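# Analysis of the macromolecular model
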Amino acid sequence: VLFNSLEFAAFATITLVLYWTLRLRGQNALLLIASYLFYSAWDWRFLSLLIFQSLVDYVAGLGIGRSDDDRVRKRYLIGAITINLLVLATFKYFGFFVDSAIGLLQWLGLEPNPPLLEIILPIGISFYTFQSITYSFDVYRRRLPPTTSFLNYAVFVAYFPHMIAGPIQRANHLLPQIERPRTRPTVLQVRSGLFLIVMGLFKKVAIADAVAGVANEAFRMGSNAGSATLLIGVVAFSLQIYGDFAGYSDCARGVSRLFGIELTRNFEQPYLSRNITEFWRTWHISLSSWLHDYLYIPLGGNQGGKLITYRNLMLTMLLGGLWHGASWTFVIWGGLHGLLLSIHRARGGHAPRGRPATPRWGDVPPVLATFAGVSLLWVFFRSGTLTQAMDYLGGLFSFASGPVNLDHLILVLVSALMVLILDLGQRITGDHSVVLRWSPPVRGAAIAVLLLSVLMWSGGDAQPFIYFQF
Amino acid sequence: MKKGTRSAVVTLVGFLTVVIGAEVAARVWLPAIPPDTHTWPRAEIGQKLEQIDDYEERGEAIEVLFVGSSQMAASTNPQLFTEQTGLSGYNAAFAGPSMSTVGRWLLDIVEPKLTPDVVVVGIASRDSNDRSRKNNKVHRAFLNSPGYRQESANLASQFEGWLEDVSVFMRYRRLMREPATFLERTDDELGQQRIRKQIGERGLRLEEPVDYRFRPSSQRSLSRGTLGNFHTGGREYRAVVEMHDVLEERGVEMVLVNMPLTADYLGAHEDGDEMTSYREFLADIVAATGVSYVDAERAFDTSKAFRDLLHLDVEGRDAFTGALADSWDAISDGAHLLMKCNNKRTPECELHPAR
């Protein structure tokens, strides 16, 4: 069941209508049933795993909350985190570790013959595992009292608008919203929720899906294509992954707003960033801030001198890369981002926290340079293997001539222009629903353009979201 | 009027202005493209479907249905078959599909409309390659085409079909996704979609006799495209077995025909193992389903009866069809037969029991 499908529209509408006829406990029970049904539509076999992990963290939270003995509290915390990470490691990284070990042994001249074990990756596991860890941590740090209701906790983990691909919610943000009675959304909230859904669909269907074919074609051809085609391909993928993931996040926030629950923003116009640090403050914010708070800071952050800071940055980004997928391409991608962040910090660069500043004309060169750097690193993210990534980059920098598909060029330019207009509008006003602030006729016209664009690119099989694989 | 209501009305006016503007612009700029270029990935499918719908509306029975790729489309004369057997035949084959696509076309669209007694499925090694990028592309284009979505008829597809009927913008939106091609709008750039065949009664392709001509570029294209990464036993195998099983459930008999090929076609395979693997694929299907089977792969010793690597010319087509018609009783009794043709200028073919 994808957000960009009629099945989801029907599912969400029915759930929403029932939801607002119920009181709090009934609402949460309905949300849990709907979330489990939603998850089962992907693969019912992993529902038991989801319930098991929810139980582990719920019990650990109670244990931490009820004890004043720090050693006991720590034991519960470590137990919960270990079980969560073991589950993640087994389902997501087992094959990767085995393959890497085999590769190493073969390199040493040995002929290992391990048993074959094909493990299926449960959808959304990286997202809900990280979210569960925030709960145990926050209860341990006394930022949040443990919840005594398993129902509420299970909804927190499985809440369907965001469970498959985020935004990863902090326990102290989402859980209190689930525990307290919710008032019916106002007309303004409904309007902005629906607008976020339209905007999300536009980003997904009219931007990401529109340029997906261009990127697929370029990555399929690799160095057999001319450099211009590969350049268009890499820009296409940059737009695709942004439209795809930001579109999902907007839809998730919009749907959730209709249920009276606010999810945090996941993107703040990342391609307008003037440096790599700013990029990571605005891209996949829920993950980057999670990595900052639960990995970088516990490692020591920037408190141990320059070298320790660079080590911490590298470790954080390497693990952040590995979080995306069990492959060396993701590790390299994360490592290179860590390297760029370290270089930026070493050169005295910084990016202030809070809402990024509106770019000026003088910011055009650094914005373009940051976009170029980020786009080049997407090659590792998009490629199936390191060999493919190197082949692609080799072709790109061979400056070989070759025919350029004019359709592809136009699609990428139009998509880039649409992203620029939307992001600049949001950055200047600080409002993701900026269109709703416009005068009524312009607002109506803008919504029509968004919907016509979605219609123009709809029809055919709905494309799954890229981040579902993580 | 209250402020909120007035604001909503003005917003709606702005909305409708853009929607109507887009529709008017589409009607002004897109007048000349025939409608079936966007409904199906091949115009031939739309042409044949019109005929099939006519048969269905008239309630005219079709007893023997021929399906497959362009080989079957070019190689079987349903009019001749009807004359010789007295059984009403229809050739629903079209250019491009592999067995997966033929399966969807047959089971979801054609068979329910025509309700034949027997379905003859033409197959060659090109149709059996699970890893062919070209086949996969055709399959996706077929499944994603508005025609298939409307014909396969879930509610959303029907609604989309209705929208495409009333709105030119909706109807042509796929063409607008290729802006450069769309703006030039020449026959070449619109490509295969616009190639309309001359289709006669009963789905017969009307073609002029031509001499065989070997084109190395066609052989290379076949080798790298449809036959590339050759692999059998997966998706295409399952498609044939599904066709058999579903047809059996519906009380329809299936006949599998291994279509005639030239030596130049066989040369397009990178190595001999590929044809061996294809023949094993056929043997596995016959063993698994017990389907009636005609092997015509090496029916012709020369290329004289062909127009190109894999399509029979008019005389070859009639000889091939004649042989099927002459032995129809044996075929429909579930026999396994081998086709052999002579090398006369106007060839003649016969079927013999396979050893």
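What you see as residue numbers is a count from 1 along each chain, following the sequence as written. The lettering of chains begins at A and the numbering of ligands begins at 1, in the order of writing. Only residues with pLDDT of 70 or above have their local features reported here, since the model is predicted, and side-chain atom pairs are shown and tallied only from 80 upward, although totals for entire chains, interfaces and linings are computed over all residues. Computation of side-chain values covers all heavy atoms of the structure but excludes hydrogens and water.

Residues and elements named next belong to chain B. Any pair of cysteine sulfurs within 2.5 Å is marked as a disulfide. Within this structure, the stated rule accounts for one disulfide over all chains. Disulfide partner of cysteine 341: cysteine 349, at an S-S distance of 2.1 Å. Across the disulfide from cysteine 341 to cysteine 349, rotation about the S-S bond amounts to roughly 105°, and the bridge is consequently right-handed. Burial classes: relative accessible area under 20% of the type maximum marks a residue as buried, over 50% as exposed, and values in between as partly exposed (1.4 Å probe, protein chains only). Relative accessible area serves as the criterion here: at 6%, cysteine 341 is assigned to the buried category. Since its relative accessible area comes to 8%, cysteine 349 is described here as buried.

Okay, helix 5 (residues 78-85) of chain B next. Residues and elements named next belong to chain B. Numbering of helices and strands starts at the N terminus; helices are DSSP runs of H or I of at least 4 residues and strands are runs of E of at least 2. Buried within helix 5 are the following residues: Pro78, Leu80, Phe81 and Thr82. Its side-chain oxygen 2.9 Å from the backbone nitrogen of glutamine 79, asparagine 77 forms the N-cap of helix 5. Residue glycine 86 follows helix 5 closely and has a positive phi angle near 75°. In protein, a polar contact means a hydrogen-donor-capable atom and an acceptor-capable atom, both N or O and within 3.5 Å, with residues adjacent in sequence counting only if both atoms are side-chain atoms; elsewhere, any N or O pair within 3.5 Å suffices.

Contacts between the two partners involve 23 residues from chain B, matched on the other side by 23 residues from chain A. For this analysis, a salt bridge means a side-chain nitrogen from Lys or Arg found within 4 Å of a carboxyl oxygen belonging to Asp or Glu. Across the contact surface, chain B and chain A share zero salt bridges. Counting across the chain B and chain A interface gives one residue pair in polar contact (both at pLDDT 80 or more). With eight residues, the top contributor of residues to the side of chain B that touches chain A is helix 1 (residues 3-29) of chain B. Residues count as neighbours in contact if any of their non-hydrogen atoms are within 4.5 Å of one another.

Our next topic: the confidence of the model for chain B. Residue and element names in this part refer to chain B. Mean pLDDT over chain B: 86, with 92% of residues reaching 70 or higher. For every residue, the predictor states its confidence as a pLDDT score lying anywhere from 0 to 100. Per-residue pLDDT stays below 50 along residues 186-194; that stretch engages in 17 contacts with residues further than four places along the chain or on separate chains. Two summary scores accompany this predicted model of the complex, namely pTM at 0.72 and ipTM at 0.73.

A word on the packing of aromatic side chains. Working definition: a ring pair exists when centres of Phe, Tyr or Trp rings (six-membered ring for Trp) sit within 6.5 Å. Plane angles under 30 degrees give stacked, over 60 give edge-to-face, the rest tilted. Applying the stated criterion to the full structure yields 53 aromatic pairs over all chains. When the ring of Tyr135(A) is compared with that of Tyr153(A), the centres are 4.5 Å apart and the planes differ by 50°; the resulting orientation is tilted. One end of the pair, Tyr135(A), is in helix 5 (residues 125-140); the other, Tyr153(A), is in helix 6 (residues 150-158), with 18 residues separating them in the sequence. Assessed through its relative accessible area of 0%, Tyr153(A) is described here as buried. Geometrically, a lysine NZ or arginine CZ counts as sitting over a ring once it is within 6 Å of the ring centre and also within 35 degrees of the ring normal. The positively charged end of Arg58(B) is found above the aromatic ring belonging to Tyr55(B), 5.0 Å away from the centroid.

This part takes up empty space enclosed by the protein. Residue and element names in this part refer to chain A. Only protein atoms enter the 1 Å grid used here. Points where a 1.4 Å probe fits but cannot escape make up a cavity, open sets with protein on both sides within 12 Å along at least five of seven lines make up a pocket, and a residue lines them when an atom lies within 4 Å of a point. Grid points are joined across faces, edges and corners, and a volume is the space filled by probe spheres set on the points. In this structure the tally under the stated criterion is four cavities of 30 Å³ or more. Taken as a whole, the largest cavity encloses approximately 60 Å³ of empty space. For the largest cavity, the lining is made up of 13 residues, of which Ala246, Asp250, Asn266, Phe267 and His432 are closest to its centre. At five residues, the largest contribution of residues to the lining of the largest cavity is made by helix 9 (residues 227-258). Residues are grouped as follows: Ala, Val, Leu, Ile, Met, Phe, Trp, Tyr, Cys and Pro are nonpolar; Asp, Glu, Lys and Arg are charged; every other residue, Gly included, is polar. Across the lining of the largest cavity, the residue classes tally to three nonpolar, five polar and five charged.

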